[in-house]
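Commentary on secondary and tertiary structure
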Amino acid sequence: MVARASPFGDPSAILARHETPSHTRPDAPLIVPTGRMSTTPPTTPPATPPSASPAAAPSSGERHEPHTVWWRWLLILGVGGGIVALGAPAGIAPEAWRLFAIFIATILGSILRPAPAGAVVLFGVCAIAVTGAMTPANALKGYSDPLVWLVLCAFFISRGVMKTGLGERIAYHFIRAIGQRSIGLVYALVGTDTLLATIIPSNSARAGGVIFPIARSLAQAYDSHPGPTARRLGAYLMVAVYHCDVIACAMFLTGQASNVLIARFAKEVSGVELTFTSWAAAMIVPGLTALALVPIILFRLFPPEITHTPHAASFAGRALEKMGAPSRGEWMMLLVFVVVALLWMTTRWHGINYTVVALMGVCFLIITGVLQWDDVMGDRAAWDVFIWYGGLVRMAEALGETGITKRFAEVAASLTLGWEWGAALIALVLIYFFAHYAFASITAHATAMFTPFLVVVIAAGAPPHLAVLSLAAASNLDAALTHFGTTTSPIYFGARYIPQKTWWRLGLITACATILIFGTVGPLWWRVLGLW
């Protein structure tokens with residue numbers, strides 16, 4: 001790989017900007033390196049200050065010519081109407097079938113984007129209530145889901161990290177330590193996330209509340225923001241860290257909240273008991289293999305413009321010297337960071353819900369003046385994600401309660417009737433895996449489909465341990481497919497570094513790579529362990 005130019009402009013000019021450190025002034029923008037290493041003054045206009053929150057970013061909706069917009073709406077309405085016209089299969093209530101039609105139309109709308117994603121989902125929620133597929137209270141229930149609020153809080157905490165300058169300081173420390181190559185930054189963040197996955201059983205708390213603010217700070221420290229400079233570094237950081245977090249979810253019983261449910265379902269159906277130790281022992285080898293390869297795969301498919309930064313370490317050291325001692329705001333933000341993380345790690349002892357812990361952190365930031373109420377209300381990206389993610393979570397959850405997913409498993413089983421158990425296992429796991437396109441939550445997917453698919457796979461003759469571990473891995477890895485696959489996806493996608501089409505393309509490729517790794521390395525390793 002040919003080394004690219006450093007992201008930093010003239011060091012003396014940039015360091016001069018630190019004469020009055022931004023972190024000492026609450027209203028000042030973050031100080032970041034801009035431009036490229038050059039012996040002449042930069043001729044390009046300055047980039048948008050990193051302190052500009054996603055709230056200031058353009059709408060996520062694309063602008064289309066009027067005739068194009070109407071064509072997209074007609075296609076969406078035609079697909080939804082066509083499903084309704086086909087009529088509900090026997091055993092499926094008409095209301096459930098209408099819900100299915102609206103859900104498919106909403107997903108199609110989020111792809112075609114005739115309007116911003118939040119608006120499309122809001123239309124879908126409205127349609128569910130208007131058509132009687134669900135009562136208004138049930139249709140809006142997603143907006144009271146604690147996980148949806150946890151995602152919202154992650155955005156607010158991230159805003160505090162940016163505003164105080166703590167994110168800038170952390171980013172400079174990362175750059176000084178391992179800033180020689182951009183892929184090194186990814187491995188450092190991924191290593192931290194994987195380590196935390198052993199003690200924080202919430203991927204949104206871990207990757208959203210702890211890792212995401214640092215990742216965004218690093219992107220902004222390299223003058224990479226949503227828009228024209230996204231590919232400089234931020235886009236690669238966001239997609240690589242997210243996909244590796246999905247792998248970390250699969251590696252431990254504490255990787256994400258619904259793994260405990262999966263373990264319970266497995267024991268009830270097959271008698272296979274997945275403890276923390278047995279889960280980690282089974283998943284550690286395929287997991288580490290995937291963690292090593294995925295950043296490289298994405299680096300080849302979606303390389304950052306900045307790949308080699310030989311002057312980064314020395315620049316970051318001088319910048320930290322100029323920043324001086326941390327400000328009061330940084331100390332308050334660091335206190336919230338540490339306390340929230342500790343409470344998340346020890347929730348099994350004190351019993352405080354993850355979302356409540358995050359809300360406490362946001363409230364503390366407001367009380368101490370680190371965040372103003374205008375900061376909270378003005379974060380457009382956070383509220384946009386809240387609207388579309390809350391709506392999709394409820395739609396997918398309700399769809400799982402209708403019996404349609406169970407019918408889907410029965411149809412899938414009939415397709416593999418009479419097959420050898422190995423072929424049936426592969427086919428059914430892949431069907432289960434790609435069915436996640438219809439779910440906005442790992443929990444919703446596993447709750448609706450894990451048990452019926454496990455029953456079918458074991459009935460086909462697959463060894464119980466092999467069947468359980470294959471479906472457990474697929475339950476987590478399939479979250480890579482979409483921008484709503486799990487609670488962290490709207491956080492990283494919502495940073496607006498990557499268009500939806502690109503996110504889905506990279507998600508499909510990465511998801512196929514990880515399921516291939518777990519589907520080959522996994523069974524070989526489980527054979528070594530004597531599990532089948």
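Above this text you will find the structure in question.
Attention in this report is confined to the structure presented alongside it. Keep in mind it's a predicted model, so treat the numbers as computed, not measured.

Rules and cut-offs
- Residues numbered from 1 in each chain as written.
- Predicted model: local features only at pLDDT ≥ 70, side-chain atom pairs only at ≥ 80, totals over all residues.
- Heavy atoms only, no water.
- Axes fitted to C-alpha atoms, helices over the stretch in contact; angles between N-to-C directions.
- Helix = DSSP H or I, 4+ residues; strand = E, 2+ residues; numbered from the N terminus.
- Parallel < 35°, antiparallel > 145°, perpendicular 65-115°, else oblique.
- Left-handed = near helix turned anticlockwise from the far one by under 90°.
- Contact = heavy atoms within 4.5 Å.
- Nonpolar A, V, L, I, M, F, W, Y, C, P; charged D, E, K, R; others polar.
- Phe/Tyr/Trp six-rings, centres within 6.5 Å; stacked < 30°, edge-to-face > 60°.
- Buried < 20%, exposed > 50% of the residue type's maximum accessible area, 1.4 Å probe, protein only.
- Core = buried A, V, L, I, M, F, W, Y, C linked by side-chain atoms within 4.5 Å.

At a minimum axis separation of 10 Å, helix α14 (residues 328-345) and helix α16 (residues 354-367) run at an interaxial angle of 165 degrees. As summarised for this structure, α14 and α16 are arranged roughly antiparallel, according to the angle between their axes. For the element pair α14 and α16, the recorded crossing hand is right-handed. On the side of α14, the interface is formed by M332, M333, L335, V336, V340, L343 and W344, while α16 contributes Y354, V357, A358, M360, G361, F364 and L365. Taken together, the residues of the contact of α14 with α16 sort by class into 13 nonpolar, one polar and no charged.

This structure, assessed with the given rule, holds 18 aromatic pairs. With a centroid separation of 5.2 Å and 70 degrees between ring planes, the pair formed by W149 and F386 is classed as edge-to-face. With W149 in helix α6 (residues 146-164) and F386 in helix α18 (residues 380-400), the pair connects residues that are 237 residues apart, well separated along the chain. A relative accessible area of 30% means that W149 is categorised as partly exposed.

By size, the foremost hydrophobic cluster in this structure holds 165 residues, and its most contacted members are L189, M333, W344, W388, F450, L477 and Y492. Take this core: its biggest share by element is 14 residues, from helix α10 (residues 234-251).

A separate point is unusual backbone geometry. In this structure, D223 takes a positive phi of about 60 degrees despite not being glycine. Along the chain, D223 turns up in the loop between α9 (203-221) and α10. Look at R496: it is not a glycine, yet its phi comes out positive at around 70 degrees. By the secondary structure assignment, R496 is in the loop between α23 (489-494) and α24 (500-528). Residue class for R496 comes out buried when judged on its relative accessible area of 17%.

All we've got here are geometric facts, nothing functional implied.
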